[in-house]
Amino acid sequence: MHSPAERQTACMDHEVGHSPPRGLPRVPAEEANELLSDLAGKPVELGENLAMSSRPTTCPACGSSKVEDALRYQLDGLGREEVHPIVWGEGHALADTYVCKDCAAGWIEGSKPHPITWVRPWRSEHMQGT
Ligand SMILES: [Zn+2]
């Protein structure tokens with residue numbers, strides 16, 4: 001289900017919204033084993049307690065499927081002051097952060113379901129420059 005944000009509040013020029021928890025999609029065990037075996041070049045099997053999560057399939061703000069891993073932007077040298085604090089997780093920077101290419105929303109989502117707080121735009125453009 002593509003659930004729109006339950007409520008939205010204005011925060012300066014950023015829009016902040018909340019979405020119910022959903023958890024990241026799990027990669028089925030057989031598929032994960034196949035993928036890992038391909039990568040390793042030999043048969044690999046995940047233990048029973050291990051699971052692979054894939055990235056979110058939809059944006060919690062607009063429902064678009066154009067979801068991207070924000071870590072990529074960090075590798076491009078994006079610093080803490082250039083992103084909204086909501087999407088900069090304490091300690092893990094942009095590790096669990098995803099962004100929407102359609103509406104520029106950003107949010108943090110892990111493999112365990114937690115309520116989602118998203119912000120858009122996720123970049124703090126106005127804080128850039130001198
Ligand atoms: Zn979106």
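Caption draft 1: Region of interest: the overall build of the protein chain. For the protein chain, the helix and strand inventory stands at two helices and eight strands. Seen in sequence order, the protein chain has helices and strands lined up from the N terminus as β-β-β-α-β-β-α-β-β-β. For the protein chain, with 130 residues in total, the buried portion stands at 19%. Here the analysis covers contacts within the protein chain between residues at least 6 apart in sequence; of these, 56% occur between residues at least 24 apart.

Caption draft 2: Just the nonpolar core, in detail. If you look at the biggest cluster of nonpolar residues, it comprises 18 residues, and the most contacted ones within it are Val87, Val99, Cys100, Ala105, Trp107, Trp118 and Trp122. Mapped onto this core, the elements with two or more residues apiece are strand S6 (97-100), strand S7 (106-108) and strand S8 (116-120). Sequence-distant contacts of Trp118, that is, excluding residues within four places in its chain, are made with Gly17, Ser19, Pro60, Ala61, Ala105, Gly106 and Trp107.

Caption draft 3: Structural context of unusual backbone geometry. The linkage connecting Arg120 with the following residue, Pro121, adopts the cis geometry, with an omega of -5°. Tracing the chain through its elements places Pro121 in the segment after S8. One non-glycine residue, Ala104, lies in positive phi territory at about 65°. Within the secondary structure, Ala104 sits in the loop between S6 and S7.

Caption draft 4: Focus on the environment of Lys112. Tracing the sequence through the fold places Lys112 in the loop between S7 and S8. Residue Lys112 is classed as exposed on the basis of its 9 C-beta neighbours within 10 Å. Here the alpha-carbon distance between Lys112 and Arg22, two residues 90 residues apart in the chain, equals 8.2 Å.

Caption draft 5: Representation of helix H1 (residues 29-40) within the structure. If you check H1, its first and last C-alpha atoms are 16 Å apart, about what 12 residues at 1.5 Å a residue would give, namely 16 Å. Remark: Gly41 follows H1 within two positions and exhibits a positive phi of approximately 75°.

Caption draft 6: Structural view of the environment of Arg55. Tracing the backbone shows Arg55 in the loop between strand S4 (52-53) and strand S5 (67-69). It is 7.1 Å that separates the C-alpha atoms of Arg55 and Pro25, two residues lying 30 residues apart in sequence.

Caption draft 7: How the structure looks around the pairing of S6. Burial of the side chains of S6 extends over both faces: Thr97 and Val99 are buried on one face and Tyr98 and Cys100 on the other. Pairing between S5 and S6: three bridges, direction antiparallel. Within S6, the residue paired with Asp69 across the bridge is Tyr98. In this structure, S6 lies alongside S7, joined through three bridges in antiparallel fashion. Within S7, the residue paired with Tyr98 across the bridge is Trp107. Where S6 folds back onto S7 in an antiparallel hairpin, the turn is made up of five residues, including Ala104, whose phi is positive at roughly 65°.

About the thresholds
- Residues numbered from 1 in each chain as written.
- Predicted model: local features only at pLDDT ≥ 70, side-chain atom pairs only at ≥ 80, totals over all residues.
- Helix = DSSP H or I, 4+ residues; strand = E, 2+ residues; numbered from the N terminus.
- Buried ≥ 20, exposed ≤ 12 C-beta atoms within 10 Å, placed from the backbone.
- Contact = placed C-beta atoms within 7 Å.
- Core = buried A, V, L, I, M, F, W, Y, C linked by C-beta atoms within 7 Å.
- Expected span 1.5 Å × (residues − 1).
- Pairing = 2+ DSSP bridges.

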